[in-house]
Amino acid sequence: MKIEQIPVGSMQVFCYLVYDEDTKEGILIDPAGNEDDLIKHLGANGIKLRYIVNTHGHADHTCGNERMRKATGASVVMHESDDLFFQRPENTMFARSFGFQPSGPADVRVHDGDELSFGSLKMKFFHTPGHTPGACCILVEGNLFTGDTLFVGAVGRTDLPGGSFKQLIESIQGLVKKLPPDTVVWPGHDYGDLPRSTLKRESETNPYIVEYMNQ
């Protein structure tokens, strides 16, 4: 398995290319800009994109969906709650007001515990509401792509429509309890002292876990 962490767009979102090195079939998590570069990179490496996967529905993470879907034929995947929430007119208008291209409806709607395969790999979805109603973390062979749910040393904001701090803390607590400590955390932005971490390290150093874990 190959993982590429690629900062893209005006918000420097971490986009992830994950693929099976044998079959060259892969997924792109949160395409949020630099679509031409991403398309060229896929072609240069002979990678067949199976899915475009969104950790959540905020436009700074989904603004490249339509360009990538059209260029590759890959299916867009999003949790049902966010797909419904971010197709509302007020939310598409909000995206445009910040200069982002809203995503069209997802091709595949997922729920907590759902799994999808690409190549010989499998990804599992953990519904982690709080940052948005349908935020998800995606597990692929011990690697957890957390979007804006969990950062290195921090968590996502909850003051936007659909956010809930209580839900966010409960979601993160659930991840810590369910998954092995050596699970690698790949966040949606480079906000910490390292570009990636582990659940063990975050459990010991992230104040939002340390302070709230036993409450």
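Throughout this description, residue numbers start from 1 for each chain and increase along the sequence as written. Reporting of local features is limited, given that this is a predicted model, to residues whose pLDDT is at least 70; pairs of side-chain atoms are given and counted only at 80 or more, and all residues count toward the totals for whole chains, interfaces and linings. Values reported for side chains reflect all heavy atoms of the structure, with hydrogen atoms and water molecules removed beforehand.

Draft legend 1. Looking closely at the sheet that holds strand β6 (residues 108-110). A pair of strands is considered paired only if DSSP assigns at least 2 bridges between the two. The helix count covers DSSP runs of H or I at least four residues long, the strand count covers runs of E at least two residues long, and both are numbered beginning at the N terminus. Ordered by their spatial adjacency, 6 strands build an open sheet running β1-β2-β3-β4-β5-β6, and the pairing between neighbours is mixed. Two strands in the sheet have a free side with no partner beyond their single neighbour: β1 (2-8) and β6. Taking each pair of neighbouring strands and ignoring which way they run, the sheet shows an average axis angle of 25°. The pairing of β1 with strand β2 (residues 13-19) spans 7 bridges and is classified as antiparallel. Across the sheet, P7 pairs through a bridge with F14, a residue of β2. A contact between two residues is defined here by any heavy atoms of the two lying within 4.5 Å. Fitted lines through C-alpha atoms give the axes, limited to the stretch in contact for helices. The angle between two N-to-C directions lies from 0 to 180 degrees. Across the sheet, helix α1 (residues 35-44) is in contact with β1, β2, β3 (25-29) and β4 (48-53); its angle to β2 comes to roughly 20°. Across the face of the sheet, helix α3 (residues 65-72) comes into contact with β3, β4 and β5 (75-79) while running at roughly 155° to β4.

Draft legend 2. Representation of the sheet that holds strand β14 (residues 197-198). The sheet built from 6 strands is open, its strands ordered β7-β8-β9-β10-β13-β14 with mixed pairing. Strand pairing shows two members of the sheet lacking a second neighbour, β7 (115-118) and β14, which therefore form its edges.

Draft legend 3. Representation of the pattern of salt bridges within the structure. One speaks of a salt bridge when a side-chain nitrogen belonging to Lys or Arg is within 4 Å of a carboxyl oxygen belonging to Asp or Glu. If you walk through the whole model with that rule in mind, you get 12 salt bridges. The salt bridge involving R109 is made with E80; its shortest N-O contact spans 3.8 Å. Separated by 29 residues along the polypeptide, R109 in strand β6 and E80 in helix α4 (residues 80-85) bring together distant segments of the chain. Across the salt bridge formed by D193 and R201, the nearest N and O atoms sit 2.7 Å from each other. Classification of D193 as exposed rests on a relative accessible area of 58%. Put simply, E66, R69 and D107 are held in one network by salt bridges that share partners. Exposure categories follow from relative accessible area, calculated using a 1.4 Å probe and restricted to protein chains: below 20% of the type maximum is buried, above 50% is exposed, and the middle band is partly exposed.

Draft legend 4. Spotlight on the nonpolar core. Of all hydrophobic cores here, the largest spans 21 residues; its most connected members are L17, L28, L49 and M68. Broken down by secondary-structure element, the contributors of at least two residues to this core are β1, β2, α1, β4 and β5. Sorting elements by how many residues they give to this core places β2 first, with 4 residues. Excluding residues that lie within four positions of it along the chain, L17 makes contacts with K2, I3, E4, I6, I27, L28, H41, L42, I47 and L49. Side-chain atoms within 4.5 Å are what join buried Ala, Val, Leu, Ile, Met, Phe, Trp, Tyr and Cys residues into a set we call a nonpolar core.

Draft legend 5. Quick peek at helix α6 (residues 165-178). A helix is expected to reach a length of 1.5 Å times the quantity of its residues less one. Relative to the 20 Å expected for 14 residues at 1.5 Å per residue, α6 spans 20 Å between its end C-alpha atoms, a close match to the ideal helical length. Every buried residue belonging to α6 is among L168, I169, S171, I172, Q173, G174, L175 and V176, and all of these are buried.

Draft legend 6. Layout of the packing of α1 against α3. Between α1 and α3, whose axes approach to 10 Å, the crossing angle comes to 30°. Relative to α3, the element α1 lies roughly parallel. In terms of crossing hand, the pair formed by α1 and α3 is right-handed. Facing E35, D36, L38, I39 and L42 of α1, the residues of α3 in contact are R67, M68, A71 and T72. When the residues that make up the contact of α1 with α3 are grouped by side-chain class, the tally is 5 nonpolar, 1 polar and 3 charged. Any angle that falls under 35 degrees is termed roughly parallel, while one over 145 is termed roughly antiparallel, one within 65 to 115 roughly perpendicular, and all others oblique. By convention the crossing between two helices is left-handed if the near helix lies anticlockwise of the far one by an angle smaller than a right angle, and right-handed if it lies clockwise. Three categories are distinguished: nonpolar for Ala, Val, Leu, Ile, Met, Phe, Trp, Tyr, Cys and Pro, charged for Asp, Glu, Lys and Arg, and polar for the others, with Gly belonging to the last.

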